[in-house]
Structures are given as C-alpha cells and as structure tokens.
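Structural description and commentary
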Amino acid sequence: MDIKSEGKTLLDSHKKLYKQLIEIPEKREMIFIEEIEVGVKVGKPRFKNPKYQWPTSLLVDVRDHLQNIRNFFDKYSYWFDDTLIPLLNTDERRISKKSIIFLLEEDVWYTDEVYGQYLIEESQDGITISYSRRGRKMNQITLKSKDASVIKDWICKDAKNQIENQFKFLWGKIETEIQVCLDETFHKQPKLTLKPDYIKNQLEKTITICEQWAEAGLLNLGRIIELWLLTSLGKKSVFRGEDIIREAEIAGILDKHGVKLLRNIKTNYNNLKHKTYYTIENEDIKTMVERFSNLFNS
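Notes on the structure in this doc start here. Keep in mind that this is a model prediction, so the values were computed, not measured. (Residues numbered from 1 in each chain as written. Predicted model: local features only at pLDDT ≥ 70, side-chain atom pairs only at ≥ 80, totals over all residues. Heavy atoms only, no water.)

Side note on the packing of helix 1 (residues 3–21) against helix 3 (residues 56–76)
Definition in use: Helix axes use the C-alpha atoms of the stretch in contact, all axes being lines fitted to C-alpha atoms, and the angles between their N-to-C directions lie in the range 0 to 180 degrees. Counting from the N terminus, the helices are DSSP H or I runs at least four residues long and the strands are E runs at least two residues long. Under this scheme an angle from 65 to 115 degrees is roughly perpendicular, one under 35 degrees roughly parallel, and one over 145 degrees roughly antiparallel; angles in between are oblique. It is the rotation of the near helix from the far one that decides the hand of a crossing: anticlockwise by less than a right angle makes it left-handed, clockwise makes it right-handed. In what follows, residue pairs with any heavy atoms lying within 4.5 Å of each other are defined as contacts. Classification convention: Asp, Glu, Lys, Arg as charged; Ala, Val, Leu, Ile, Met, Phe, Trp, Tyr, Cys, Pro as nonpolar; all other residues, Gly among them, as polar.
Interhelical geometry of helix 1 versus helix 3 gives an angle of 150° and a closest axis separation of 10 Å. Taken together, the axes of helix 1 and helix 3 are roughly antiparallel relative to one another. The hand of the helix 1/helix 3 crossing is left-handed. Each of I3, E6, G7, L10, S13, H14, L17, Q20 and L21 in helix 1 lies in contact with helix 3, whose residues at this interface are L58, D61, V62, H65, N68, I69, F72, K75 and Y76. Its residues assigned to classes, the contact of helix 1 with helix 3 comprises nine nonpolar, six polar and three charged.

As structure tokens, this is what we get:
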C-alpha cells in the first residue's frame, strides 16, 4: 500500500479504537479514601482493582495498532516529533508512565498528568476542593453542598474525567501526527536531485508565504531544513531516534549557532503541529527564514 492507503487504514482503526478505549475509566469501579493529613481533610479516589484487566482481544488490537503507527512513522515521517515515542510504548508499558496503555490500566495517582489527592476544606460558600501535589494546591473549585456523599461522588467523577481528558489529548496528538504525515508530502523522500538553486528558490517562496500565512511558512521551512540536512549528510532518510542536527554538527556542517537556530526552528515546527494554543507571528517566521538563508548561503 502507498502512504494514502496506509494512512487511511490507520486513521480508521484509530477512530474505532477510540470509542472502546474512552469508555475504560468510566467502567472501572472506584473506592474513596478520606484521611486527615497535617490537620487537613484529604480525599483519595482509587480504582477498586488497581490494575485494569484488559479483555485479551482489545489489548492485542491496541498493541498492534500502536506498533502499526510506529511502523508508519518509521516509513514515512522524517521530521518526527520524538515526544510521541513514549506514548506508543507497548513492550515496556508497566515501567513507562508516558504510554497510553499505562494511563488506562494503572490506578489514578500513578501518572504525572493525573492528580490523585484532593484537599477538602470548608469555606463560607461551601466546600473548596483542590488538587494537591508536593504541598501545592491547584485547580480550586467550590461545591455548595457539604454533604459527604456529594463530595465523594464529585471527586470520584473528576478523577475519571482527568484520565479521560488526558487520553483524549494523547490520542488526538497521535491522530494529528498521522494526518500531518499524510498531508505533508515532503515527509516522503522526494524524487528529485536537490541542488542549491532549488533550496534557494524554496526559501524565497517561503518568505512570500510567511507574509500571508505564518503557519504555512513554518511548515515549509521545516521541510527545507530537513531536505538540506539530508542532502548535506548524503542521506536518503532518517532512522527513528537519529539526531541529524547533531550529526551535521559533528560533520562540521553546523557550528553551535547553526545548531541553536535549527533546534529552535524544529521546536516551533513541532509545537505548531501538536499544541492547540500555539501561535507565531509572521515576522518571527521571516526572521527564522532569513537566518537560515544566511546559514545556507555561507
């Protein structure tokens, strides 16, 4: 199959599995522990069974799907966001707190992204509840009712919501990367012989693009840098985990200033693709293009 066929198959499987996986936290039975710590009431929602017992067929489907995604990125994506690698981890899921499987199968407090301890404090308006970690209070809300059962139900529901929201975010992040790989044809090795004039021409076009659409300019700049590095290093592709910016530095293609510039561009490139709140100004992209142009021309 080609990239379009493989990508469509992956996305279809991704959407299908989402419907099954998003239901897991809600289906798990919870218990509620209430303790006094340093004079403050603390609520601790926990799953009755600390480790989720996967239906065998579902676990196999999830593990196969995550491996297929890794294979897809290995084959087609050269400018890969390596923060996704831990999410796709299956073989070491019991020691990798970042993996999606770990998030769904472990208890509430195991992952860094989900809070499992709630401070419960009386206030004039009712009960103030806040997440607690390492002595810090976060995300305070007020319940008008002081009824113990209402407090317990709210905290247990919120704990499940935390897991569901984190799963939605991570699953959507992976879907975005698949879609970006499909849309950006430069992720495939180009069928042309790259010459300095081609890259120079692309840089000039990117400056024009930036004036109209900063995000498109940044995506094209990422493409140009990837092609330039591959060509300069005499490579056809990049293996997973390979740092070609570092390789270019070792080979004497980049000095420390060039490394800093390219890493900054790659960081912005990845943020644009994977963070919904990310924004960048046209002038910032134009500055990046101009600095890379100076590097390229030198």
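Quick notes on unusual backbone geometry
Cut-off, in case you're wondering: For every residue, the accessible area obtained with a 1.4 Å probe (protein chains only) is divided by the maximum for its type, and the residue is called buried under 20%, exposed over 50%, and partly exposed between those limits.
With a phi close to 55°, V38 is a non-glycine residue in the positive phi region. With respect to the secondary-structure elements, V38 resides in the loop between strand 1 (30–37) and strand 2 (40–47). On the basis of relative accessible area, V38 is assigned to the exposed category, the value being 84%. A positive phi angle, near 55°, is found at N139, a position not held by glycine. Along the chain, N139 turns up in strand 5 (residues 136–143). For N139, a relative accessible area of 48% translates into the label partly exposed.

Describing the packing of aromatic side chains
This is how it is decided: In this analysis, rings of Phe, Tyr and Trp, with Trp reduced to its six-membered ring, are considered paired at centre separations within 6.5 Å, and the interplanar angle assigns stacked below 30 degrees, edge-to-face beyond 60, and tilted for intermediate values.
The tally for this structure, following the rule as stated, stands at 11 aromatic pairs. Ring geometry for Y52 and W54: centres 5.3 Å apart, planes at 75°, overall edge-to-face. With respect to burial, Y52 and W54 carry one shared label: buried. Here the aromatic rings of F102 and Y110 are separated by 6.4 Å at their centres, their planes lie at 55°, and the arrangement is tilted. A residue is classified by how much of its surface remains accessible, and Y110, at 31% relative accessible area, is partly exposed.

Section: the pattern of salt bridges
The line we're drawing: Just to be clear on terms, a salt bridge is a Lys or Arg side-chain nitrogen sitting within 4 Å of an Asp or Glu carboxyl oxygen.
Counted by the stated rule, this structure contains 15 salt bridges. When the shortest N-O distance is used, the salt bridge between K157 and E26 registers 3.1 Å. Here E26 lies in helix 2 (residues 24–27) and K157 lies in helix 5 (residues 148–183), a separation of 131 residues in the sequence. With a relative accessible area of 39%, K157 lands in the partly exposed category. Given a relative accessible area of 38%, E26 falls into the partly exposed group. A salt bridge links K48 to E29; the shortest N-O distance between them is 3.8 Å. Of this pair, K48 sits in the loop between strand 2 and helix 3 while E29 sits in the loop between helix 2 and strand 1, and the two are 19 residues apart along the sequence. Because the salt bridges share partners, they merge into one network encompassing E35, E37 and K44.

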